[in-house]
Amino acid sequence: MIPCRPLLALFALLSMSCGALAQAVDPVVRGGQVYRDLCAMCHAADPNRDRPAAAARRQDGVLTALETTGAMRFLRSTLSAADISAVQAWLDFVVLPAGAVRPETGIWWNPAEPGRGFALEYGQGFMTFSAYFYADDGRPDWATAAFRYDGSVAWGEAPLNQFRDGQALLAPWREALLAPSPGAVSIRFDSPTRATITWPGGSVPVERVLLEAGTTARPPAPGYPEPGLWWNPAETGRGYVLDVQGTSVMLLGYLYDDDGRALWFNTIASMPTRFRFEADWYRFADGQTLRGAFRPVRRVEPPVGRVVIDFDTPRSGVLTLPGGRRVPIVRYF
Ligand code: HEC
């Protein structure tokens, strides 16, 4: 039995009970660990993007690959039979079937309604969704959702979750509490870069944001950080979304203000090297609400402060908050 991972809870797997979540995930947790510890030495962290995907949903797929590929044969004797079948179970769980729509990880938006945005990521069998918009009084607000996604239908639905009273930017950690749900969200994926979100605000056609000129989002430059959800596992309840295209980066922070209300900051900057991101974090105001018609946003001056991330690897780094406090962050998936 694993404890409920708090950010996963943040991403609203609260729709299942903690017990059901543990049951859904338990058989594959060990396999995920083995994969990260061993397989990822030679293969991509995300097996969807590399050869291990070939072993998913095939009888003894992992075992056969280890026995027949010279470079991996040593693992046949290093790993126990239980570990090998755990890796098999994990691959079966996380690798989407051929032909499934695999939405791109990153920030999405409706270009006709700038100022509001959506972060999407597929990880470990789940689709996570977060939306950033504005409350009726014009302050920034956000909501999250997550649903099981196996690609068999290019569609999913989950309750939206909102949180309050979590950690403010410069405050010590405190546990975020669940706020009343504003409704449900369903997402239909038309392609890896196009989808339709249907939520209490109606239906919104969305596509992947482009951070650099072109017609499709570029992959991160070699060695640059992975786009997706990031967090500090010791400070659950707040998180960060990075979109990385070429050498351009968008950094969103999801947190709370000093009164415990949801808050987000955003910035876009280019990263001259893969080791360091540095920019001014901004707060925005008065934009489109969850249910309302489009209205333009206002950028609040001056910026909230300088934010810096020093990356050790594409999946880990240290974020320096305005004021100098350093927070270790890692990829969530
Ligand atoms: C020491 C490096 C190394 C490690 C560790 C490793 N692999 Fe591989 N793997 C390879 C190489 C090399 C190939 C062959 C690549 C090619 O043919 O292009 C490969 C290929 C594969 C394939 C495709 C086999 C086929 O027949 O198409 C699968 C599946 C696979 N690995 C799964 C795994 C799994 C699961 C683990 C962890 C238990 C793992 N690998 C660990 C190096 C490694």
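It should be emphasised that the depicted structure is a prediction, and the values quoted were computed from it without experimental measurement.

**Re the confidence of the model for the protein chain**
At step 1: With 92% of its residues at a pLDDT of at least 70, the protein chain reaches an overall mean of 91.
At step 2: Of the regions scoring below 50 in pLDDT, residues 1-10 engages in 24 contacts with residues more than four places distant in sequence or in other chains.
At step 3: Counting contacts from residues 12-20, a segment whose pLDDT is below 50, to residues more than four positions away or on other chains yields 16 contacts.

**Considering the nonpolar core**
At step 1: Counting 62 residues, the largest nonpolar core has Phe 129 and Leu 252 as the members making the most contacts within it.
At step 2: Not counting residues up to four positions away in its chain, the partners in contact with Phe 129 are Phe 118, Leu 120, Thr 144, Ala 145, Ala 146, Val 185 and Ile 187.
At step 3: With 18 residues, the next largest nonpolar core counts Val 28, Cys 39, Ala 65 and Ala 86 among its residues.

**Structural notes on helix 3 (residues 61-68)**
One full turn of an α-helix is made of 3.6 residues, so residues set three or four places apart face in the same direction.
At step 1: Listed as buried for helix 3 are Val 62, Ala 65 and Leu 66. Buried positions in helix 3, seen along its axis, are confined to an arc of 95° and lie on one side of it. Of the exposed residues in helix 3, those oriented more than 90 degrees away from the buried face are Glu 67 and Thr 68.
At step 2: Where the residues of helix 3 are buried, they touch helix 4 (73-78) and helix 5 (81-94).

**Points about the pairing of strand 12 (residues 239-245)**
At step 1: Where burial is concerned, most of strand 12 is hidden: seven out of the seven residues are buried.
At step 2: Neither face of strand 12 is exposed, since Gly 239, Val 241, Asp 243 and Gln 245 on one face and Tyr 240, Leu 242 and Val 244 on the opposite face are all buried.
At step 3: Two elements, strand 11 (residues 228-231) and strand 12, share three bridges in a ladder whose sense is antiparallel. By the bridge assignment for strand 12, Gly 228 is matched with Leu 242.

**Examining the site of the ligand**
At step 1: Close to the ligand lie 16 residues; Cys 39, Cys 42, Ala 55, Ala 65 and Ala 71 are nearest.
At step 2: Per-class residue counts for the shell around the ligand are 13 nonpolar, two polar and one charged.

**Digging into the environment of Leu 255**
At step 1: Inspection of the secondary structure puts Leu 255 in strand 13 (residues 248-256).
At step 2: The exposure class assigned to Leu 255 is buried, which follows from the 22 C-beta atoms found within 10 Å.
At step 3: Distance from Leu 255 to Tyr 240, taken between C-alpha atoms, is 8.8 Å for residues 15 residues apart in sequence.
At step 4: Among residues more than four places away in sequence, those in contact with Leu 255 are Gly 166, Gln 167, Ala 168, Leu 169, Arg 238 and Leu 263.

**Re the sheet that holds strand 5 (residues 155-159)**
At step 1: Read from one edge to the other, the open sheet built from eight strands follows the order 4-3-2-1-10-9-8-5, with strand pairing classed as antiparallel. Because the sheet does not close on itself, it has two edges, and the strands there are strand 4 (140-148) and strand 5. Sheet twist, expressed as the average angle between the axes of neighbouring strands with direction ignored, equals 25°.
At step 2: As judged from the seven bridges shared by strand 2 (residues 117-123) and strand 3 (residues 126-134), these two strands associate in the antiparallel manner. Counted as the bridge partner of Gly 123 is Phe 126 from strand 3.

**Overview of unusual backbone geometry**
At step 1: Here Glu 301 and Pro 302 are connected by a cis peptide whose omega angle stands at -10°.
At step 2: Structurally, Pro 302 can be placed in strand 16 (residues 298-313).
At step 3: One non-glycine residue, Asp 60, lies in the positive phi region at around 50°.
At step 4: With respect to the secondary-structure elements, Asp 60 resides in the loop between helix 2 (18-37) and helix 3.
At step 5: Even without being a glycine, Asp 165 presents a positive backbone phi close to 65°.

**Quick word on the environment of Gly 201**
At step 1: Position of Gly 201 relative to the elements: it lies in the loop between strand 9 (194-199) and strand 10 (202-208).
At step 2: Gly 201 sits 28 residues away from Leu 229 along the chain, and the two C-alpha atoms are 24 Å apart.
At step 3: The contact partners of Gly 201, leaving out residues within four places of it in the chain, are Leu 290 and Arg 291.

Criteria and thresholds
- Residues numbered from 1 in each chain as written.
- Predicted model: local features only at pLDDT ≥ 70, side-chain atom pairs only at ≥ 80, totals over all residues.
- pLDDT = per-residue confidence, 0-100.
- Contact = placed C-beta atoms within 7 Å.
- Core = buried A, V, L, I, M, F, W, Y, C linked by C-beta atoms within 7 Å.
- Buried ≥ 20, exposed ≤ 12 C-beta atoms within 10 Å, placed from the backbone.
- Helix = DSSP H or I, 4+ residues; strand = E, 2+ residues; numbered from the N terminus.
- Arc of directions from axis to C-beta.
- Pairing = 2+ DSSP bridges.
- Near = placed C-beta within 6 Å.
- Nonpolar A, V, L, I, M, F, W, Y, C, P; charged D, E, K, R; others polar.
- Axes fitted to C-alpha atoms, helices over the stretch in contact; angles between N-to-C directions.

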